[in-house]
Each structure stands twice: as structure tokens, then as C-alpha cells.
Amino acid sequence: MARHPLEGLCSSNTMSADKRETVMGWVQTALERVREFAYAERPADAKVAVRPKLGLALGGGFARGIAHAGVLHALEKNGIPVDYISGTSAGALAGMAYASGLPFEEVVKRAASLRFGIFGQWRFSWLGLASNQRLEFYPKRYLNISTFEELRIPLTIAATDLITGEPVYFNHGPLGPPLRASCAYPGLFQPVEYEGRTLVDGFVGATVPVEAVARMGADVIIAVFLDSEAMVKPTNFTDVIGRSFAIIQRHADLAWRGKADVVIEPRVRDFAWDDFAKTPELIAAGEEATLAAMPRVRAALEAATTRAATKEPRDIATGTGWVSR
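Before going into details, it helps to say that this report is about the structure given with it. For every chain, the first residue of the written sequence is number 1, and numbering continues from 1 onward in sequence order. Thresholds applied to this predicted model are a pLDDT of at least 70 for local features of residues and 80 or more for the giving and counting of side-chain atom pairs; totals over whole chains, interfaces and linings are not thresholded and use all residues. Hydrogen atoms and water are omitted, and side-chain values are computed over all heavy atoms in the structure.

### Quick word on the packing of aromatic side chains
Where we set the bar: Pairing of aromatic rings covers Phe, Tyr and Trp, the last counted by its six-membered ring, and requires centre-to-centre distances within 6.5 Å; plane angles under 30 degrees mean stacked, over 60 mean edge-to-face, and any other angle means tilted. Counting from the N terminus, the helices are the DSSP runs of H or I reaching at least four residues and the strands are the DSSP runs of E reaching at least two. Burial classification: accessible surface area is computed with a 1.4 Å probe over protein chains only, and a residue below 20% of its type maximum counts as buried, one above 50% as exposed, and the rest as partly exposed.
Inspection of the entire model under this criterion finds 6 aromatic pairs. Here the aromatic rings of Phe 170 and Tyr 194 are separated by 5.6 Å at their centres, their planes lie at 50 degrees, and the arrangement is tilted. In this pair, Phe 170 sits in strand S6 (residues 167–170) while Tyr 194 sits in strand S8 (residues 192–194), placing the two residues 24 residues apart along the sequence. Each member of the pair, Phe 170 together with Tyr 194, is buried. With a centroid separation of 5.7 Å and an interplanar angle of 35 degrees, the aromatic rings of Phe 225 and Trp 256 are classed as tilted.

The following block contains the structure:
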């Protein structure tokens, strides 16, 4: 007759047969309880807590968009993963660079090396003063990616249909044309013809594309808004164009703010549109603003977890509650 594998532990000459039998009974009972627990079926309503999906909506701002890299880096350092990114203009470029998977140090190097000649070329026409056709080749040349499908984090790029005035969102296929369209600042750059549409800068129709990141599936939305230059007298035509659109933005529909759980606003007003050489200061501004907002970010994530547990519905149109998917 085969011996129990634990019987040898109770075979001491000093232990009586009765004691050995008692100990073996305890062991056998314990093993049966362990088996019952291991193979017991979980209740049908038992659920494992799921981490809320966080989406980041990045506004435009030319060189000031470098501050977005600081925002992303600060979130990463504080253990806040980003699941979705949407971007307008400079926000699209910053989001793309981060989503490509490049190390932060490499993203900083590429940002610091940016100059107008890399993405723009003076080419006067009735539709604009310059062409940004060179920007179409930026993803492949500087980030070694060509399509949305190659990105590490899902990205949506916002542009504006100049005919209908509606925002247009791109999230698949080639990266170059949507990026170029999203950065086609009206008056400065000529509109971009793509997929049967005449497109200009995304900020015209989606200052901060919170709706895009909500549609991607974000449970918590962080919007990053970059204010324009300080109120100083313009000295050239780019200043005139920039200030004019900044005024329009101030009086435009700001419904996007109500759809975001947290709004981060780095202090970048004192930076010029072409201050690419001030990359360290711009990144520091993004990091500082994000660290200040961190309590609000964590509170929004906790609230989203609670909403998930209670199945509270969320309305994408108003940005309140849980998004039903």
C-alpha cells in the first residue's frame, strides 16, 4: 500500500501511532481545503479593477509646442501611462515624436534642432506666403516611421476642412500628409489638398482636440493648452497673423475645456513662435505645469475607477461621467 507523501514527516520513533494518525488527519484536512479554494468558481459578478485609459489632447503653438514634451515626460516620471494621444499642429508633431517610442533624450535633440527651413520654404502665392511640403517627409527622415500603425501609442491628428469649417481627424495610413495639413497655419502656409479636402491648421476647428481623444476611448482626458505670445506690439507680419488668430481663439467656443477632466497650461506666453533654440526652457515649463496639476490628474483617475465600478454613463458631448463603449 502506497504511503502518503507526508507520512515520513510523522514517522519519528518518539511519536506514538495515535499522534501520527492525528497529525496526518490535520494535514489531510488542510490539503482538502486548499484544493477547494483553488478550484472554487468565482462569483459571476466578481470583477477585477481595470486601470482607466488616459488620453492626452495637445494644442498647437509652433515652437511653444515643445512644452508638450515636458508634459509627457513629467507624466511618465510620475508613473502615469498615456494610452491615447490627439494633437493639433505642434501638438500633433510632439505627440507623434513621443508615440514613436524614441527615448526622451532623442525627442529633445530633435526638438532643439528644429528650424523653419526644416519644415517650411518661402514660396509666395495667392493662398499663402510659404509651403510646408517639407514637413511631409519629417516622420520618416527624423523619426524613422511612416504610418500611424507603426506608432507605439495610438495617435489622432486634427486638421480643419477650409470649405466646411469642420475638424477632420486622421488616425491611420501615412503620417506625412495629415501632419503637414495639421500644421498649415492660415496665411503663412498654403492649404494642403488631401483626400479630396482643402485642409488648414487643426487649431481652426479643434483648438485642443479633446473630442478626438474621447472617441479613441479615453476614460480620463488631459488637455494641454499653450497660450500665445505676450501682449506686445507686433514687429512683423508673422506677429500680426499670430496675434490676430490668438484674439480669435480667446473669443472662440471654449467648449473643449468642459470636456476635459484636467487642463494643463504651461507658462509659455513669453516665448516667440520660432524659439526652438529655447527647448530646455520650454520643456521645463511643461514639466512644471504638469507637476502642479498632478493632484488633479490622480484625482481624475481615481474618479474614473469609481465610475467604472458603478457603471456610471458618460456623455462624450458634455465630457461628464463614464464613456460607454
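The structure having been displayed, the exposition proceeds.
### Considerations on the packing of helix H4 (residues 104–112) against helix H11 (residues 279–310)
Stated formally: Lines fitted to the C-alpha atoms define the axes, with helices restricted to the stretch that makes contact. Angles between their N-to-C directions range from 0 to 180 degrees. Any angle that falls under 35 degrees is termed roughly parallel, while one over 145 is termed roughly antiparallel, one within 65 to 115 roughly perpendicular, and all others oblique. Whether two residues are in contact is decided by their heavy atoms: any pair within 4.5 Å suffices. All residues other than Ala, Val, Leu, Ile, Met, Phe, Trp, Tyr, Cys, Pro, Asp, Glu, Lys and Arg, Gly among them, are scored as polar; the first ten of these are nonpolar and the last four charged.
Look at H4 against H11: their axes get within 10 Å of each other, and the N-to-C directions meet at 130 degrees. The angle between the axes of H4 and H11 places the two elements in the oblique class. Contacts from Phe 104, Val 108, Ala 111 and Ala 112 in H4 reach Thr 279, Ile 283 and Glu 287 in H11. Considered class by class, the residues forming the contact of H4 with H11 number 5 nonpolar, 1 polar and 1 charged.

### Focus on helix H2 (residues 67–77)
Since the α-helix turns once every 3.6 residues, residues separated by three or four places project in the same direction. Taking burial as the measure, the 11 residues of H2 include 9 buried ones, the bulk of the element. Buried within H2 we find Ala 67, His 68, Ala 69, Gly 70, Val 71, Leu 72, His 73, Ala 74 and Leu 75. Immediately downstream of H2, the backbone of Gly 79 shows phi near 70 degrees, a positive value.

### Comments concerning the pattern of salt bridges
Heads up, the rule is: Salt-bridge detection follows one rule: a side-chain nitrogen of Lys or Arg within 4 Å of a carboxyl oxygen of Asp or Glu.
Under the counting rule described, the total for this entry stands at 11 salt bridges. Put simply, Arg 197 and Asp 161 hold a salt bridge, and the shortest N to O gap is 2.6 Å. With Arg 197 in strand S9 (residues 197–201) and Asp 161 in strand S5 (residues 155–161), the pair connects residues that are 36 residues apart, well separated along the chain. For Arg 197, a relative accessible area of 32% translates into the label partly exposed. One salt bridge connects Arg 269 with Asp 227, and the closest N-O pair in it is separated by 3.5 Å. Of this pair, Arg 269 sits in the loop between strand S11 (262–264) and H11 while Asp 227 is found in the loop between strand S10 (220–224) and helix H9 (237–251), placing the two residues 42 residues apart along the sequence. Given the relative accessible area of 31%, Arg 269 is considered partly exposed. A cluster of three or more residues bridged by salt bridges with shared partners is formed by Arg 51, Lys 53 and Asp 83.

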